[in-house]
Amino acid sequence: MEELTLELALKMLEAAERWAKDIAVFSCSIAVVDKAGAVIAVHRMDGAAMATTDIAIEKAWTAVAFKMPTLMGSRWLDPRNMGKLIGDHAMGMIGRGKGRLCFIPGGIPITNEENEVIGAIGCSGVPSGVGDISDTSVSQAGVTALYE
Amino acid sequence: MMNLEMAKKLLQTGIKKAKEMGRSCSIAIVDDNGWLVALHRMDGTPIPTAEIARDKAWTAAVFQMPSSEVSCFGDPKMPGSGFNLQNWNDRLTTIPGGLPIRDSDQLIGAIGCCGGTPEEDVLLCRKVLEEIRLREETF
């Protein structure tokens, strides 16, 4: 695909929602943004916390802006990694991007055949760290649906 | 109560109606407290319309009246003037295109449309609510 359309975004959201509902058994918010970081579609599942919509949008925005999953950026901001990574720490990153930067794991960029970022999906509301269940895995279910 | 299933139904109807009108638009659905439930931006619609649609829906939900009617609070001739509409917060808007959704006299949420002229946005909201057969009361 060359461009993310509303139709494709809804396909991703539907798959991610199904995964969150049936496998993760958690209510969450899921957002899909285009290559400009602008929202295409957002869904908040019944019972998900109200603020999760904004966080899901910001995760997706960050994934586009940095062309990488927010999971990777979160490693730079993890205090446990201080001094362990090559180069300096990246704590100055907090609050950048007019406050929109959100390096919480859960945002995944979507690429085309030429490896250019054409959009991203973000999820918020699933507690992480329990087996395979996390925001990232819900987003991943959405990305996988694109290639089915 | 507003849930995702109903929000999806409203959005599907809205996008169908917008295509019939030959318009592309953004539509936002919020719950009774003004929190976003679902938002769709049609292909090719300008980017800021998504946020404006959400602002309209928020205004309609928290004031429990169409977003265009909120401007009456800023009218010096009306009782209750002095309400600072411009700088109240970054969500409040008086642009027409946000309507509250009522189900048997109870507010369950609001819909906001953005993408056409104000008249077209209001018409689209009305068409959606008509189709879904939820009563929409004007203030």
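One can find the structure itself at the top, above this paragraph.
Quick summary incoming for the structure in this document. Since we're looking at a predicted model, the values are computed, not measured.

Considering the overall build of chain B
Looking only at helices and strands, one finds three helices and four strands in chain B. Order of helices (α) and strands (β) in chain B, N terminus to C terminus: α-β-β-α-β-β-α. Expected size for 139 residues packed as a compact globule is a radius of gyration near 14 Å; at 14 Å, chain B falls within 12% of this value. With the C-alpha coordinates of chain B rotated into their principal frame, the extents come out at 40 × 35 × 20 Å. In chain B, which comprises 139 residues, the share counted as buried stands at 44%. Intrachain contacts of chain B at a sequence separation of at least 6 include 64% that bridge at least 24 residues.

Here we look at the environment of Ala120 of chain A
Residue and element names in this part refer to chain A. Inspection of the secondary structure assignment puts Ala120 in strand β4 (residues 117-124). With 31 C-beta atoms packed within 10 Å, Ala120 lands in the buried category. C-alpha of Ala120 to C-alpha of Val143: the two residues are 23 residues apart in sequence and 8.7 Å apart in space. Sequence-distant contacts of Ala120, that is, excluding residues within four places in its chain, are made with Val33, Ala60, Ala63, Val64, Gly107, Ile108, Pro109 and Ile110.

Regarding the sheet that holds strand β2 (residues 36-41) of chain B
Reading across from one edge, β3(A)-β4(A)-β1(A)-β2(A)-β2(B)-β1(B)-β4(B)-β3(B) is the order of the eight strands in this open sheet, with antiparallel pairing throughout. Only two strands of the sheet have a single neighbouring strand rather than two, namely β3 (107-111) of chain A together with β3 (98-103) of chain B. Pairwise comparison of adjacent strand axes, ignoring direction, gives a mean angle of 15 degrees for this sheet. In terms of strand pairing, strand β1 (residues 29-34) of chain A meets strand β2 (residues 39-44) of chain A through five bridges, oriented antiparallel. Each bridged residue has a counterpart across the sheet, and for Ser29 of chain A the counterpart in β2 of chain A is Arg44 of chain A.

The rules behind the values
Residues numbered from 1 in each chain as written. Chains lettered and ligands numbered in written order. Predicted model: local features only at pLDDT ≥ 70, side-chain atom pairs only at ≥ 80, totals over all residues. Helix = DSSP H or I, 4+ residues; strand = E, 2+ residues; numbered from the N terminus. Rg over C-alpha atoms; globule rule 2.2 N^0.38 Å. Buried ≥ 20, exposed ≤ 12 C-beta atoms within 10 Å, placed from the backbone. Contact = placed C-beta atoms within 7 Å. Pairing = 2+ DSSP bridges. Axes fitted to C-alpha atoms, helices over the stretch in contact; angles between N-to-C directions.

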